[in-house]
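In case you want the letters, here they are:
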Amino acid sequence: MPTPTSSNRLTAKSGKLPACDPCRAIKLRCDHDKPVCSRCRERGRSADCTYRSRPFKRPSARAANWRRQENDPSHNSGATADENVNPPAAFQYPNPGYLGSSSHTTFFDQLQIQKNAEVGSTTEINSHPNPADDYIFDDTCIAKGAELILELHRESLIPQFTQLFRRWIATGTNLALAGPLTTPCASTTSHLISNFDGTHASATTISKRLFYNSRCPLRLNHDTTLDEYCANFCGPHARWETLGLFCTAVCRASIDLTYAEPMYGSEQQRRRIQKLTLSYSDQFLDLCLPLDCMNDLQLFLTYENFISHSQVDGDQSYLSWRKLGDVAAALFALGYHQQQTESFRAAPAFLRDLRQAAFCRAYSADKNVSIFLGRPPRILRRFCHFYLPGDHDANSHEASRSPAVWLNTQKLDFATDSRWAGLCAILKDDILDLFTEDNYDERARRAWLIEADIQAQWLAVPRSCRLECGLKACDRRPVERDFMVNMKLNYLHVQFLLRLALVRPMSTEPDSDLLDISLKMLGLVVETILLKDQIVNSGTSLVWKVAYYGLSAAGMICLTLVKRSFAIQSFTTSFSKIFQELSILAAEIERGTLVYIDSPNYALLARATQTIKAILDRMMTPSSDNTMVASDNQLEHPAASEQRETLDDGSWWLWDNTNLQEFELSFWHNLAGHPSLNQ
């Protein structure tokens, strides 16, 4: 007589009994022993060994009949038109997202279809995503989500993450775009994991619910409040995006807070937490995107995830570059590059501000990263119609080079920072076009028009938002100081790019305006480094300020020094101050806490530091005949004069000005090979 176990095995082979949840999740055979199967008992997972209360449903007769019809050629040949156009109800069509005027739908929209046409009736297929109730969720994705829930619970990570998050927002900062949403997301995540019993069955249930909620549309109307909007993805309506935004915020917290004991007390521990939380952010985002229902929440998560990658993996990382492309793709898919539409204006005011800020920040990041890496930008203004955050009036004009209208009571916050970032991106967009203009006179004419617009835009900003004194004398909150530094550096960088576009090809004479702007930009970066304990990261990290603004300015100054090392009077600033600021920059990179050897931007900054030090050593070292470098009205030694002529004859130049020069790793490598540094 067969034993119960053998009977169970026989029954399992016949397909009458389902496997337990753990065995089914990992797709291994189950012996169906109860209350615990032998595999779970051997793996020490007795508490997770549960069986479905109801068996799997067999395919319906309608679905089975449809499959038989599909596989039977003789039947298909005699099918009617209606039978051929009606697919099974379970088929899911892709979500096309925003469709512009040149899309395929535009042509069909122009056709007037007669209901009683002689060609017969047609079947309309809804192009919108199917409701969550009709969506078939993949068991593999559900199992992956359940494992993430179990891991967070098993490692007791959420309480530590919550404590770190609270310490971070207490400094006055937050995520630049999703800041208003992070606190409810943190509360929801903490409540979700703390009430979890730790079993595999419960984790699977939670995973299914998160997938279901992520598939549901965000319900809102013109009068929806922020709290009502957050109810779409918080509390019982938690989504994968909710957990993703929380982990992204924790990642940013670990980037900004140097020490956060007991969670981490060393740089190595901090880097581990950064990578761990960013990994969770990636995985939660990857669970959302295959659902093919891009929405505002996924856009915000995609942008903040990109920013975290740029700070953890570095601005030169291909992954960061690809993540920036995902942000641009999300904006276009949602149609937020065309903000003049009625559907865009129908959103509540706070959501319009977030959408406009999302576009401005993504547009600015696209320009800055493209310039930094010397690659083509993805977002071009000629294909976009957008407004600045806060412009809700019906008479508001699209963002352009014309001076923006600011409120006298404008606060220094992320919305203000986003407005200015969008305006500077417009100016940079037009400046990049100058580098493709071969006619220098036409280039100069257009450049002077842009110069007038730059000054008009800067003067239109309320004085309370402009940094017009030294950072040390600025009596503002730490986060407001950082906003003011960001805006001033962006303004100087626009001028820097414009003057760079006006440098004549193969020119051997220094551009005094370009040098003056470079010195101002480097001076502000150095002052920010020295006062880094008195500012709070508002979204643009200090390392990015150094790598993007500081190295551009230092590169231009160093290039002038090696080419005009015997004409110090070319500088309007005292030579000692130039040496001082270059020395501080090199010292902070080499011996300070700005970057560590395992930091992603360390290679770029270290290469630049070595070159800067070599130039400074060359400038300060007496010549072989003990004659110092001549300056002011002193006479040069004949040998020095001959050497200067050799270096300044136009035969050695780092670029021919046909393309915008990026002050990246290759620039500093080439500069290190200058003849004057290898004698």
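Note that this is a predicted model, so its numbers are computed, not measured. (Residues numbered from 1 in each chain as written. Predicted model: local features only at pLDDT ≥ 70, side-chain atom pairs only at ≥ 80, totals over all residues. Heavy atoms only, no water.)

Enquirer: For the overall build of the protein chain, give the residues involved together with the corresponding values.
Expert: A tally of regular secondary structure across the protein chain gives 27 helices and 0 strands. The long-range share in the protein chain, meaning contacts at least 24 apart out of those at least 6 apart in sequence, stands at 74%. Of the roughly 33,300 Å² of accessible surface on the protein chain, a fraction of 51% belongs to carbon and sulfur atoms. (Helix = DSSP H or I, 4+ residues; strand = E, 2+ residues; numbered from the N terminus. Contact = heavy atoms within 4.5 Å. Areas by Shrake-Rupley, 256 points an atom, 1.4 Å probe, with all protein chains shown as cover.)

Enquirer: Give a description of the UniProt feature "domain: Zn(2)-C6 fungal-type" (unreviewed entry) in the protein chain that names residues and reports values.
Expert: As annotated in UniProt, the feature "domain: Zn(2)-C6 fungal-type" (unreviewed entry) corresponds to residues 19–51 in the numbering used here. The span residues 19–51 shows a helical share of 30% and a strand share of 0%, and its end C-alpha atoms are spaced 7 Å apart. (UniProt positions renumbered as here; feature names shortened; annotations may be inferred.)

Enquirer: I'd like to hear about the packing of helix 18 (residues 349–373) against helix 19 (residues 414–434), residue by residue, with values.
Expert: Contact pair helix 18 / helix 19: the axes reach a minimum separation of 8 Å and the direction vectors enclose 45°. When the axes of helix 18 and helix 19 are compared, the pair comes out oblique. The element helix 18 and its partner helix 19 pack so that their crossing is left-handed. Contacts between helix 18 and helix 19 involve Ala-357, Cys-360, Arg-361, Tyr-363, Ser-364, Lys-367, Asn-368 and Ile-371 from the first element and Phe-414, Asp-417, Ser-418, Ala-421, Gly-422, Ala-425, Ile-426, Lys-428, Asp-429 and Leu-432 from the second. (Axes fitted to C-alpha atoms, helices over the stretch in contact; angles between N-to-C directions. Parallel < 35°, antiparallel > 145°, perpendicular 65-115°, else oblique. Left-handed = near helix turned anticlockwise from the far one by under 90°.)

Enquirer: So, helix 16 (residues 318–334): which residues are in play, and what are the values?
Expert: When the terminal C-alpha atoms of helix 16 are compared, their 25 Å separation across 17 residues agrees well with the 24 Å that a helix rising 1.5 Å per residue should span. Considered for burial, the residues of helix 16 that qualify are Ser-320, Trp-321, Lys-323, Leu-324, Gly-325, Val-327, Ala-328, Ala-330 and Leu-331. Tucked inside the fold, the buried residues of helix 16 contact helix 14 (267–288), helix 15 (296–312) and helix 18. The opening residue of helix 16 is Ser-317, an N-cap whose side-chain oxygen sits 3.1 Å from the backbone nitrogen of Leu-319. Just downstream of helix 16, Gly-335 is the residue with a positive phi angle, here 80°. (Expected span 1.5 Å × (residues − 1). Buried < 20%, exposed > 50% of the residue type's maximum accessible area, 1.4 Å probe, protein only. Polar contact = N/O pair within 3.5 Å; in protein donor to acceptor, adjacent residues only side chain to side chain.)

Enquirer: Can you lay out the pattern of salt bridges for me, pointing to particular residues and giving the numbers?
Expert: Using the criterion set out here, one finds 24 salt bridges in the structure. Salt-bridge contacts for Asp-453 lead to Arg-401; the nearest nitrogen and oxygen are separated by 2.7 Å. Linking Asp-453 in helix 20 (residues 440–460) with Arg-401 in the loop between helix 18 and helix 19, this pair joins segments that are 52 residues apart in sequence. In this structure, Lys-520 engages Asp-516 in a salt bridge whose closest nitrogen and oxygen atoms are separated by 3.6 Å. Within this pair, Lys-520 and its partner Asp-516 are both found in helix 22 (residues 512–530), separated by 4 residues, close to a single helical turn. (Salt bridge = Lys/Arg side-chain N within 4 Å of Asp/Glu carboxyl O.)

Enquirer: Help me get a handle on the side chain of Thr-199, residues and values and all.
Expert: In this fold, Thr-199 is placed in the loop between helix 10 (179–194) and helix 11 (200–215). Its relative accessible area of 17% is what places Thr-199 among the buried residues. A polar atom in the side chain of Thr-199 sits 3.0 Å from the side chain of Asp-197. If we ignore the near neighbours within four places in the chain, the residues touching Thr-199 are Ala-47, Asp-48 and Leu-150.

Enquirer: Requested: an account of the nonpolar core, with residues and values cited.
Expert: Membership of the largest hydrophobic core comes to 172 residues, with the highest contact counts inside it found for Phe-300 and Leu-582. At 15 residues, helix 23 (residues 542–563) tops the list of elements feeding residues into this core. Summarising the domain contributions, this core has at least three residues from each of domain 2 (137–313) and domain 3 (508–621 + 659–678). Residues within four places of Leu-582 in sequence aside, it is in contact with Leu-522, Ala-554, Ile-557, Cys-558, Leu-561, Ile-612 and Leu-616. Among the nonpolar cores identified, the runner-up in size contains 8 residues, and Ala-19, Cys-20, Cys-40 and Cys-49 belong to it. (Core = buried A, V, L, I, M, F, W, Y, C linked by side-chain atoms within 4.5 Å. Domains from an automatic or database assignment.)

Enquirer: Could you give me a rundown of the side chain of Lys-545, with the residues and numbers involved?
Expert: As for its position among the elements, Lys-545 is in helix 23. Classification of Lys-545 by relative accessible area gives buried; the value is 2%. A distance of 3.1 Å separates the side chain of Lys-545 from the side chain of Asn-486, its partner in a polar contact. Aside from chain neighbours lying at most four places away, what touches Lys-545 is Asp-482, Val-485, Asn-486, Leu-489, Val-525, Thr-528, Thr-540 and Gly-550.

Enquirer: Which residues make up the packing of aromatic side chains, and what are the values?
Expert: Applying the stated criterion across every chain yields a total of 19 aromatic pairs. Ring centres of Phe-211 and Trp-240 lie 5.5 Å apart, and the angle between their planes is 70°; on these two criteria the pair is classed as edge-to-face. Of this pair, Phe-211 sits in helix 11 while Trp-240 sits in helix 13 (residues 240–256), and the two are 29 residues apart along the sequence. We classify Trp-240 as buried; its relative accessible area is 0%. Members of the aromatic cluster, joined through ring pairs, are Phe-211, Trp-240, Tyr-280 and Phe-284. The cationic tip of Arg-345 hangs over the ring face of Tyr-387; the distance from NZ or CZ to the ring centre is 4.8 Å. (Phe/Tyr/Trp six-rings, centres within 6.5 Å; stacked < 30°, edge-to-face > 60°. Lys NZ or Arg CZ within 6 Å of the ring centre and 35° of its normal.)

Enquirer: Can you tell me about the environment of Thr-540, naming the residues and giving the values?
Expert: By secondary structure assignment, the location of Thr-540 is in the loop between helix 22 and helix 23. Residues Thr-540 and Asn-486 lie 54 residues apart in sequence; the distance between their C-alpha atoms is 7.3 Å. If sequence neighbours within four positions are ignored, Thr-540 has contacts with Asp-482, Asn-486 and Lys-545.

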